[in-house]
Amino acid sequence: MDGKILAASAKHPIVAGQVYKYGTAGFRMRADLLPGVSFRVGLLSGLRSRKLNGQAIGVMITASHNPAADNGVKIVDPMGEMLEQEWEAYATRLVNCPSDQDLLETYKTLAAQLKIDVAAPGRVVYGRDTRPSGHGLVAALAAALDATNTEHTDYRILTTPQLHYLTRCVNTEGTPKSYGQTSEAGYYQKFSDAFVRALRGKKIQGQLTVDCANGVGGPKLSEMLKVIPKDATGFDVKVVNDDVLRPEVLNLEASGPVACGADFVKTKQRAPQNPKPVPGARCCSFDGDADRLIYYWIDPDTRFFMLDGDRISSLAASFIGDLVYSAGLKDDLRIGVVQTAYANGASTNYIGTHLQLPVVCTPTGVKHLHHAACQFDVGVYFEANGHGTVVFSQEAMRIFREKEPQSPAQKDALETLAAVGDLINQTVGDAITDMLMVEVILAHKGWTLKDWAMTYTDLPNRLVRVEVGNKDLFQATDAERRLSHPPGTQDEIDHVVRKYTSARSFARASGTENACRVYAEAATRSEADELANKVAQIVRQFGS
Ligand code: G16
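Residues numbered from 1 in each chain as written. Predicted model: local features only at pLDDT ≥ 70, side-chain atom pairs only at ≥ 80, totals over all residues. Heavy atoms only, no water.

### Some words on the pattern of salt bridges
Side-chain pairing between opposite charges can occur once the charged atoms of the two side chains come close. Quick reminder of the rule: Take a side-chain nitrogen of Lys or Arg and a carboxyl oxygen of Asp or Glu: if they are within 4 Å of each other, that pair is a salt bridge. Counting from the N terminus, the helices are DSSP H or I runs at least four residues long and the strands are E runs at least two residues long. A simple rule labels every residue: compare its accessible area, found with a 1.4 Å probe on the protein chains alone, to the largest value its type can have, and call it buried under 20%, exposed over 50%, or partly exposed in between.
Enumeration over the complete set of coordinates arrives at 33 salt bridges. Close ionic contact of R48 with E84 constitutes a salt bridge, the shortest N to O distance being 3.6 Å. Residue R48 is found in helix α2 (residues 35–51), and its partner E84 is found in the loop between β3 (70–76) and α3 (85–95); the two are separated by 36 residues along the sequence. Relative accessible area serves as the criterion here: at 39%, E84 is assigned to the partly exposed category. Put simply, R131 and D129 hold a salt bridge, and the shortest N to O gap is 2.5 Å. Here R131 and D129 have matching classes, each one buried.

The structure is reproduced here in structure tokens:
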């Protein structure tokens, strides 16, 4: 096997002088820097599978919200969760080996250290988004799997959440924990069935326009819509920005006539301009790999209004909380909400004070939020950027199915909860299933987006991306709410923040882009903008 690994590695080298790091969502950078990374991730995922007794490991090739020229490689654990954190360090170590020989030795050392039999059976499943560079990266990955005799299945073009779904299905098929059929068709069927059940005969009102960021979500949503019965649900969807044949338009970020996608909408606080949004129409945007969702509408009076991840989170928490109460389970199940520092202060306040639910704050990255959410029986987690889901414990799902109802209202609540639990992708945030969940909740409540928006008033906020010489100088602490490095930066930020009323601001290095992010909120729009710009200026100064 050694000779095979050496020969294959020589064909898929890393780029000398480049430092690679497993970041917020795996390795993510310019696609031409990645073939060697993809090869080495193949080696690592084979090891991970063998360590876990041959369970399948998932690998997704995507750069999600990043520009079309980027790509990324990330590893998915057997139940569809993100790779265990300890293994991120092994991945970083393997990927940075300077030579093929060094790589082989590190591979063998890791195997010995972790007591892994490299000759045992291993299995990896993988998929990619629509980026043209995905082809070559998949070939590099497969070369590593062949060289190490690891069984592998190429599921080709998928959304990221579909790959997470398939990974869990492969590992649970034929067991009592079976998550669904191991196929793309199985994904559509499972969530479409749950959608119909969760609606419980209610009809969705009005058309929904879905901007798919010209990414993989476009064709996949269209497939889903073929399976959802339109007459029974009233679900009328207009799919826009679903051009996956021109890679250059993939979640185009620069403001301009074709800018689109959830990241654009969230950061620029504007609707995509193409097609021109119809005032009053219900709209939402996905990102490039369909794991983020943002709702919005153009109000004839107040113009653009956005309902982001915080809003989705509070909507889901209030709906599920009410159902749990109606089902008579208030004292049996712990519901909690997980957010990051980017959550609008008004949402945290609403969830804690009005919904009376515990709120936990974690660093950015689904891996952190998911883990914290699993500590509850029902854990609602969303990042403000629209990435998130609701996780139900096995016990909660069992109670929904098996509890003997004491009244028709309890029966209704229990059946709705069971259906909602099936509707929400349990493996990771999923724009398609999250969207179906939001539509179900709005239909149950009989709400328009305006009704939903009335639940609380957001503090004006601004998110800024700041290019710096070396983003790694910026190290955060306290769930990323403060900077420990470079020394002095946080003092300056605190000093500026103190000048504003009800203000909050923080800066952190992005784990997916070569930049820092600055978030600010304050009592007025102009103050939030001004504060964000001032903090961005501090970051520029310390980062140069
Ligand atoms: C990824 C992660 C998200 C994170 C986002 C931005 O999303 O999965 O959890 O919020 O990156 O992270 P950062 O601020 O560190 O760049 P996606 O949709 O790009 O895969």
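### Details of the nonpolar core
Just so we agree on the cut-off: The definition of a nonpolar core used throughout is a set of buried Ala, Val, Leu, Ile, Met, Phe, Trp, Tyr and Cys residues joined through side-chain atoms within 4.5 Å. Here, residues are in contact when the closest pair of their heavy atoms is within 4.5 Å.
In this structure, F286, Y295, F400, M435 and M437 are the most contacted members of the largest nonpolar core, which totals 83 residues. Considering each element in turn, this core owes the most residues, ten residues, to helix α16 (residues 431–445). Beyond its immediate sequence surroundings of up to four residues, Y295 is in contact with L208, R282, C283, C284, F305, M306, L307, M435, V438, E439, L449 and W452. Within the second largest apolar cluster, 45 residues are counted, among which are L47, I61, I75 and L94.

### Remarks on the UniProt feature "domain: Alpha-D-phosphohexomutase alpha/beta/alpha" (unreviewed entry) in the chain
The following threshold applies: UniProt positions are given in the numbering used here, feature names are shortened, and annotations may be inferred rather than shown by experiment.
UniProt tags residues 55–88 and 110–173 as "domain: Alpha-D-phosphohexomutase alpha/beta/alpha" (unreviewed entry). For the annotated span residues 55–88, helix accounts for 12% and strand for 38% of the residues, and the straight-line distance between the end C-alpha atoms is 18 Å. Structurally, residues 110–173 comprises 48% helix and 20% strand, and the distance from its first C-alpha atom to its last is 30 Å.

### Here's the deal with the site of the ligand
Rule in force here: By convention in this text, a residue qualifies as near a molecule or strand provided that one of its non-hydrogen atoms is within 4 Å of it. Within 3.5 Å is the distance limit for a polar contact, defined as a pair of N or O atoms, with the added protein rule that one can donate a hydrogen and the other accept it, and that residues adjacent in sequence qualify only through two side-chain atoms. Polar here means any residue outside two lists: the nonpolar Ala, Val, Leu, Ile, Met, Phe, Trp, Tyr, Cys and Pro, and the charged Asp, Glu, Lys and Arg; Gly therefore counts as polar.
Surrounding the ligand, one finds 19 residues, the nearest of these being H65, E383, S510, T512 and R517. Here T24 contributes a side-chain N or O atom positioned 2.7 Å from an oxygen atom of the ligand. Within the side chain of R508, a nitrogen or oxygen atom sits 2.7 Å from an oxygen atom of the ligand. A class-by-class count of the residues in the shell around the ligand yields two nonpolar, ten polar and seven charged.

### Digging into the domain arrangement of the chain
Defined as follows: Here the limits of each domain have been adopted from an automatic or database domain assignment. By definition, the buried area sums, over both parts, the 1.4 Å-probe accessible area that each loses when the two are put together.
Under the domain assignment used here, the chain contains domain 1 (1–157), domain 2 (184–306), domain 3 (310–454) and domain 4 (461–543). Its C-alpha centre places domain 1 at a distance of 34 Å from the equivalent point of domain 4. Contacts between the two partners involve six residues from domain 1, matched on the other side by five residues from domain 4. Together, the buried faces of domain 1 and domain 4 total about 390 Å²; carbon and sulfur atoms form 43% of this surface. Looking at the side of domain 1 facing domain 4, the largest losses of area belong to T24, R28 and H65, adding up to 71% of the total buried there. Remark: the boundary between domain 1 and domain 4 carries zero salt bridges. Applying the counting criterion to the domain 1 and domain 4 interface returns three residue pairs in polar contact (both at pLDDT 80 or more). Looking at the side of domain 1 that touches domain 4 residue by residue, the classes come out as one nonpolar, four polar and one charged.

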